[in-house]
Amino acid sequence: MIFSKTAHDNLINFLGNDFIIRFSADYGSHSSDHRHLIRQTIATEFGDNWSALERQNFLDLQQIPKMPKLFVSISHTHDHGVWIVGPRPVGIDLEQTSRISEKIIARVCSAQEISNTTKFFGSSRALWTAKESAFKALSGTSQIRVLSEIEILWDKKGEVSQGERFYLSESETNKKNSCNGFAILSDSYGFSVAILNS
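None of these values were measured; they are calculated from a predicted model. (Residues numbered from 1 in each chain as written. Predicted model: local features only at pLDDT ≥ 70, side-chain atom pairs only at ≥ 80, totals over all residues. Heavy atoms only, no water.)

A. Looking closely at the overall build of the chain. Helices and strands together make up the secondary structure of the chain, namely six helices and eight strands. Compactness check: the chain gives a C-alpha radius of gyration of 16 Å against a globular reference of 16 Å for 198 residues, within 12% of the reference. For the chain, the spread of C-alpha atoms along the principal axes amounts to about 50 × 35 × 30 Å. Per-residue burial for the chain yields a buried fraction of 46% across its 198 residues. Excluding contacts between residues fewer than 6 apart, the proportion of contacts in the chain whose partners are at least 24 apart in sequence is 54%. When the accessible surface of the chain is split by element, carbon and sulfur atoms take 48% of a total near 10,300 Å². Of the side-chain charges in the chain, 21 are positive and 22 negative, and the distance between the mean point of each set is 4 Å. (Helix = DSSP H or I, 4+ residues; strand = E, 2+ residues; numbered from the N terminus. Rg over C-alpha atoms; globule rule 2.2 N^0.38 Å. Buried < 20%, exposed > 50% of the residue type's maximum accessible area, 1.4 Å probe, protein only. Contact = heavy atoms within 4.5 Å. Areas by Shrake-Rupley, 256 points an atom, 1.4 Å probe, with all protein chains shown as cover. Lys, Arg positive; Asp, Glu negative; His and termini not counted. Charge placed at Lys NZ, Arg CZ, Asp CG, Glu CD.)

See below:
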């Protein structure tokens, strides 16, 4: 497990029973067939009623993975990978903390977002995974084209190493894009999941 048991339990509590999530070192990019393994695992678990064409399209690594009647998101680092499947648009992002650049964060985040996140987490790095996961959840359902159009606000109720809920601001850009998320930031990894509200 790449996060503490408490953080993992808090994540599962946030997701509820509607979403299935799987982390594995086998899904890391160090494995040459990690992308195929992730998709094959999902197809095996969920694809009993798929047509031959739906299965073929899902397993085609040249296509964005889409499932009939369900939504999927995939992310991986060199060492680990994760996928999630559920009934509403969802996005996930997993990053090695050392690879999240403060310089890039400054290009896609407002000064207020950076200040608030740094006060709460001790670093602005949680913003990157939160924005990435929200962008993935919103893709195809909104007019958002770049990460800087997404403004992240934190609940600030939990212990950040154990996970923290976030949501999108009520800005003009985000008005029609209601999304809630959950982020975990450890010394080694940053992780976020965002779910489009129904």
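B. Representation of the pairing of strand E3 (residues 81–86) within the structure. Of all six residues making up E3, six are buried, and the element is well covered by its neighbours. Alternating positions in E3 separate into two faces, Gly81, Trp83 and Val85 on one and Val82, Ile84 and Gly86 on the other, with burial throughout. Strand direction decides the pairing type here: strand E1 (residues 20–24) and E3, joined by five bridges, are antiparallel. Each residue of the ladder has a partner; that of Arg22, found in E3, is Trp83. Summarising the sheet, strand E2 (residues 71–76) and E3 pair through six bridges and their orientation is antiparallel. (Pairing = 2+ DSSP bridges.)

C. Molecular detail of the sheet that holds strand E6 (residues 164–168). Within the open sheet, the five strands sit side by side as E4-E8-E7-E6-E5. Their pairing is antiparallel. Across the chains shown, the open sheet's two edge strands, defined by having one partner strand only, are strand E4 (90–96) and strand E5 (152–154). For this sheet, the mean angle separating the axes of adjacent strands, direction not counted, is 25 degrees. Here E4 runs beside strand E8 (residues 189–196); their pairing, made up of seven bridges, is antiparallel. The residue of E8 that forms the bridge with Ile92 is Val193. Where helix H1 (residues 5–15) meets the sheet, its contacts fall on E6, strand E7 (179–185) and E8, and the angle it forms with E7 comes to roughly 175 degrees. Helix-sheet contacts for helix H6 (residues 125–138) involve E4, E5, E6, E7 and E8, and the interaxial angle to E4 is about 150 degrees. (Axes fitted to C-alpha atoms, helices over the stretch in contact; angles between N-to-C directions.)

D. Quick peek at the packing of aromatic side chains. Taken as a whole and assessed by the stated rule, the structure comprises nine aromatic pairs. Where Phe3 meets Phe23, the ring centres are 6.3 Å apart and the plane angle is 80 degrees; that geometry is what we call edge-to-face. Here Phe3 is found in the segment before H1, whereas its partner Phe23 is found in strand E1, with 20 residues between them in sequence. A ring pair is formed by Phe3 and Phe191, whose centres lie 6.2 Å apart and whose planes are at 50 degrees; its orientation type is tilted. (Phe/Tyr/Trp six-rings, centres within 6.5 Å; stacked < 30°, edge-to-face > 60°.)

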